[in-house]
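Single-letter residue listing:
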Amino acid sequence: MPARVLVAKPGLDGHDRGAKLVARALRDAGFEVIYTGIRQRPAAIAAVAVQEDVHVVGLSILSGAHVGLTKKTADALRAAGADDVVLVVGGTIPEKDVPRLEAAGAAAVYPTGTPLDALVDSIRTLSGRGAVQRS
Amino acid sequence: MDETVRSESGIPLNSSYGPADLPGAESIPPPGVFPFTRGNFPDGYRGRPWTIRQYSGFGTAEESNERYRYLLEQGATGLSVAFDLPSQCGYDSDEPDVEEEVGRVGVAIDSLADFELLFDRIPLDAISTSMTINGTAAIMLAFYVAVGEKQGVERAKLRGTIQNDILKEYVSRGTWIWPPRPSLRLIADTIEFCADDVPRFNAISVAGAHFRDAGASAAQEMAFTLMDGVTYCEEVIGRGRMTIDQFAPQVSFFFYTHGDFFEEIAKYRAGRRRWARIVRERFGAQDDRSCMFRVGCVSGGASLHGPQPHNNIVRVAYEAMASVLGGVQSMFTAAWDEPFAIPTEESATLALRTQQILAYETGVARVVDPLGGSYYVEALTDAMEERVVEIMEDLERHGGMVKAIEDGVLQRLISEQAFGVDRAVRSGERTIVGVNKFETDESPPKTEGYELDEKGRIRQLERLAEVKRTRSAADVKATLGALSTAAAKDGENLMPHLVECARAYCTVGEMVDVLKDQWGEFLQPVVF
């Protein structure tokens, strides 16, 4: 069974060209992909993650609010009992924030300019790990 | 294999062009003559240079006010207001779910009290204010009128622009609130209100730029934007209170200029001609000023890249030149570090200098439409107009712009195009220097990013609490009640009600919620 990935946009930033490109590249690479659309609340993202039984949640954030929104989404996932879901984050992210995102619960961070092939490979590896944890 | 050489929008190109490729004389009359292919004015930039603009946003009303007063002392005559996302999407700063975003990409506005602070000691009869605001544009206009009253400035003297273009928000920029149809009503209300009461205020700037940044081609960008313009005009004319000539001169447009040099020039020339023809032939304009396509642009955006970032300086310079050869009326130039950072003072200044060198050193602005009559540019302008018309006709066949948005058709067209471009870059079919050819290990410089000032957010929350404590609860209830009643039925202009709400210190969130109760919220079709 292919790994299931939820691509999500928390917060109010409406720029989703990148999120859609990633969603599509993952789908082309054989993942089952769900995209939430823009302006989703962290609790709503966690609810979809549980309902759709996804292995990976990928957040796309371009507004600069990535640290707070990642923390909130990680908390929401835990609250929803989805601790085993792998959380990754992409967007306009300065290098110095990468450790902060990792501390907030991100398994990987993909700043603007990350090649799509590298991102797909990374998610393939991470989702494999997620699936193993699950069984 | 297809060996045809094509422009970025997919227009097939010959290896050279000749006299047989020129259009008829009626399509390229002298500048200043309908259909304005060669420009709106006979003397072009000699009569009036393009306006050099810079976009900026500051976290709080106090900081913005300080910056504005500095700029005015330096001789600026126009101000530009960037709003934070909660203000753009209709949430108050004390809404728990938006705390990350208060004051982040612009100023936080909750009530008239914030506007009073923002424009403190700034004479509104002496300046013009451009507000990048869409979903809540009508509310911000109400605040502006109300703050003018407080200063004793009559409405007829207020000058400025609100973007107020909701249709592209549903597809690309994302600050929608209500569904398209009631939102169109509110936009028509602002257009009528401005025409009647605030005649020097531009009620709408139709923006294609955001389609482009979301992935649309140059031809799609122009076609979608003209369709939006048509939709707004139909909405106003359909109400039967105004003719096209009473409001069209207040309508302006906004685009991105990207890297395909001649295609961008052709895009602006074709857009000017097509809009003129639409306004005269479809809407029966009598006044030539109604037919003029007033255009602002940004050079940069998604055409800039992170790797080898200084290459962006060169990209922006070429794009800026294409914009000027296309005859735009105003331009923002992006800073080279924009793909990965909030521009520094230094990079923003360099972007400004790029335009100044273009304006004062290159000589390209000396003669109107210098490429007019070029076999290639004229043929490409024709091909571009043809392509734009085809795309517009497809959308009309689908049932118009609102239906295309509700059904997700427009969203799909844009993401298809974006994905196609991305695939072409990944396969090497399309070259981007430093990204997929001539790459080096040079990584973007380390950047600091923008740390939100927590103190600013707390001050904002305190001010909002103070407003709620000191205002008259009875006035709030009465004005919101009247707004609700007027919104429940068609036919009454909501602007006077919004001004009453503003005077009573109702918040943005309260006004938005009253209208949500009547109109509901937009349900986004999710397509990728």
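No experiment lies behind these values; they were computed from the predicted model shown. (Residues numbered from 1 in each chain as written. Chains lettered and ligands numbered in written order. Predicted model: local features only at pLDDT ≥ 70, side-chain atom pairs only at ≥ 80, totals over all residues. Heavy atoms only, no water.)

Novice: How would you sum up the overall build of chain A? Please name residues and give values.
Specialist: Of the regular secondary structure elements, chain A holds 5 helices and 5 strands. Listing every helix and strand of chain A by position from the N terminus yields β-α-β-α-β-α-β-α-β-α. Over its C-alpha trace chain A gives a radius of gyration of 13 Å, about what one expects of a compact globule, namely 14 Å for 135 residues. The C-alpha extent of chain A, read off along each of the three principal axes, is 35 × 30 × 25 Å. Residue burial in chain A is summarised as follows: out of 135 residues, 57% are buried. Considering only contacts in chain A between residues 6 or more positions apart, those separated by 24 or more positions represent 70%. Accessible surface computed for chain A: about 5400 Å², of which carbon and sulfur atoms make up 55%. Considering chain A, the positive charge centre built from 16 side chains and the negative charge centre built from 14 side chains are found 5 Å apart. (Helix = DSSP H or I, 4+ residues; strand = E, 2+ residues; numbered from the N terminus. Rg over C-alpha atoms; globule rule 2.2 N^0.38 Å. Buried < 20%, exposed > 50% of the residue type's maximum accessible area, 1.4 Å probe, protein only. Contact = heavy atoms within 4.5 Å. Areas by Shrake-Rupley, 256 points an atom, 1.4 Å probe, with all protein chains shown as cover. Lys, Arg positive; Asp, Glu negative; His and termini not counted. Charge placed at Lys NZ, Arg CZ, Asp CG, Glu CD.)

Novice: Could you give an account of the interface of chain A and chain B, naming the residues involved and the relevant values?
Specialist: Contacts between chain A and chain B engage 35 residues on the former and 41 residues on the latter. When chain A packs against chain B, the two sides together hide about 3200 Å² of surface, and 52% of this comes from carbon and sulfur. The tally of links between chain A and chain B comes to 6 salt bridges. The interface formed by chain A and chain B holds 11 residue pairs in polar contact (both at pLDDT 80 or more) in total. If you list the elements that add at least two residues to the side of chain A that touches chain B, you get α1 (17-28), β2 (32-35), α3 (66-79) and α5 (116-134) of chain A. (Buried area = accessible area lost by both parts, 1.4 Å probe. Salt bridge = Lys/Arg side-chain N within 4 Å of Asp/Glu carboxyl O. Polar contact = N/O pair within 3.5 Å; in protein donor to acceptor, adjacent residues only side chain to side chain.)

Novice: How would you sum up helix α13 (residues 311-326) of chain B? Please name residues and give values.
Specialist: Residue and element names in this part refer to chain B. Taking 1.5 Å per residue, 16 residues should reach 22 Å; α13 reaches 23 Å between its end C-alpha atoms and fits that length. Asn 312, Arg 315, Val 316, Glu 319, Ala 320, Ala 322, Ser 323, Val 324, Leu 325 and Gly 326 are the residues of α13 that are buried. Contacts made by the buried residues of α13 are with α1 (44-47), β7 (251-257), α11 (261-282), β8 (295-299), β9 (330-333) and α14 (345-360). Looking at the residues trailing α13, positive phi occurs at Gly 327, about 90°. (Expected span 1.5 Å × (residues − 1).)

Novice: Before we move on, could you go through unusual backbone geometry and cite the residues and values that matter?
Specialist: All names here are of chain B. Phe 34 connects to Pro 35 through a cis peptide bond whose omega is 5°. Examined against the element boundaries, Pro 35 turns out to sit in the segment before α1. Of note in the backbone geometry, Gln 308 takes a positive phi value of approximately 45° without being a glycine. Within the element layout of this structure, Gln 308 appears in the loop between β8 and α13. Look at Gln 308 and you get buried, because its relative accessible area is 11%.

Novice: Which residues make up the side chain of Thr73(A), and what values do they have?
Specialist: Residues and elements named next belong to chain A. Examined against the element boundaries, Thr 73 turns out to sit in helix α3. Overall, Thr 73 belongs to the buried group, its relative accessible area being 0%. Ignoring sequence-local partners within four residues, the contact set of Thr 73 consists of Pro 10, Pro 42, Ile 45, Leu 59 and Leu 87.

Novice: Describe helix α18 (residues 454-470) of chain B, listing the residues and the values that go with them.
Specialist: All names here are of chain B. Taking 1.5 Å per residue, 17 residues should reach 24 Å; α18 reaches 25 Å between its end C-alpha atoms and fits that length. Taken as a whole, α18 has its buried residues at Gly 456, Arg 457, Gln 460, Arg 463, Leu 464 and Val 467. Looking straight down α18, one finds that the buried residues subtend no more than 120° of arc, so they occupy a single side. When the buried face of α18 is taken as reference, the exposed residues oriented beyond 90 degrees from it are Lys 455, Glu 462, Arg 469 and Thr 470. In this structure, the buried side of α18 is in contact with α2 (61-73) and α4 (112-118). (Arc of directions from axis to C-beta.)

Novice: Tell me about the sheet that holds β2(A), and please be specific about residues and values.
Specialist: All names here are of chain A. Taken in spatial order, the 5 strands of this open sheet run β2-β1-β3-β4-β5, and their pairing is parallel. For this open sheet the edge positions go to β2 and β5 (108-111), each flanked by a neighbour on one side alone. With direction set aside, neighbouring strand axes in the sheet form an average angle of 20°. Relative to strand β3 (residues 56-61), strand β1 (residues 4-8) is paired through 4 bridges, and the arrangement is parallel. For Leu 6, the partnering residue across the bridge sits in β3 and is Val 57. Most of the contacts of α1 go to β2, to which it runs at about 160°, and overall it touches β1, β2 and β3. Its contacts with the sheet place helix α2 (residues 42-51) against β1 and β3, and it is angled at close to 165° to β1. (Pairing = 2+ DSSP bridges. Axes fitted to C-alpha atoms, helices over the stretch in contact; angles between N-to-C directions.)

Novice: Quick one: what's the story with the nonpolar core, residue by residue and with numbers?
Specialist: Core analysis: the largest hydrophobic core is formed by 161 residues, its most contacted members being Phe115(B), Met131(B) and Phe143(B). When residues no more than four places from it in sequence are discounted, the contact partners of Phe115(B) are Phe83(B), Ile109(B), Met131(B), Met140(B), Phe143(B), Tyr144(B) and Val147(B). Listed in part, the 24 residues of the second largest apolar core include Val57(A), Leu59(A), Leu69(A) and Ile93(A). (Core = buried A, V, L, I, M, F, W, Y, C linked by side-chain atoms within 4.5 Å.)

Novice: Got a sec to walk through the pairing of β7(B)? Specific residues and values, please.
Specialist: For a regular strand, side-chain orientation follows a simple rule: the groups alternate between the two sheet faces. All names here are of chain B. In terms of burial, β7 is largely enclosed, as 7 of its 7 residues are buried. Residues Val 251, Phe 253, Phe 255 and Thr 257 of β7 are buried on one face, and the alternating residues Ser 252, Phe 254 and Tyr 256, pointing to the opposite face, are buried as well. Sheet topology places strand β6 (residues 204-207) next to β7; 4 bridges connect them, and they run parallel. Its bridge partner lying in β7, Ile 204 is registered against Val 251. Across 5 bridges, the pairing between β7 and β8 is parallel. Within the sheet, the bridge partner assigned to Thr 257 lies in β8 and is Ser 299.

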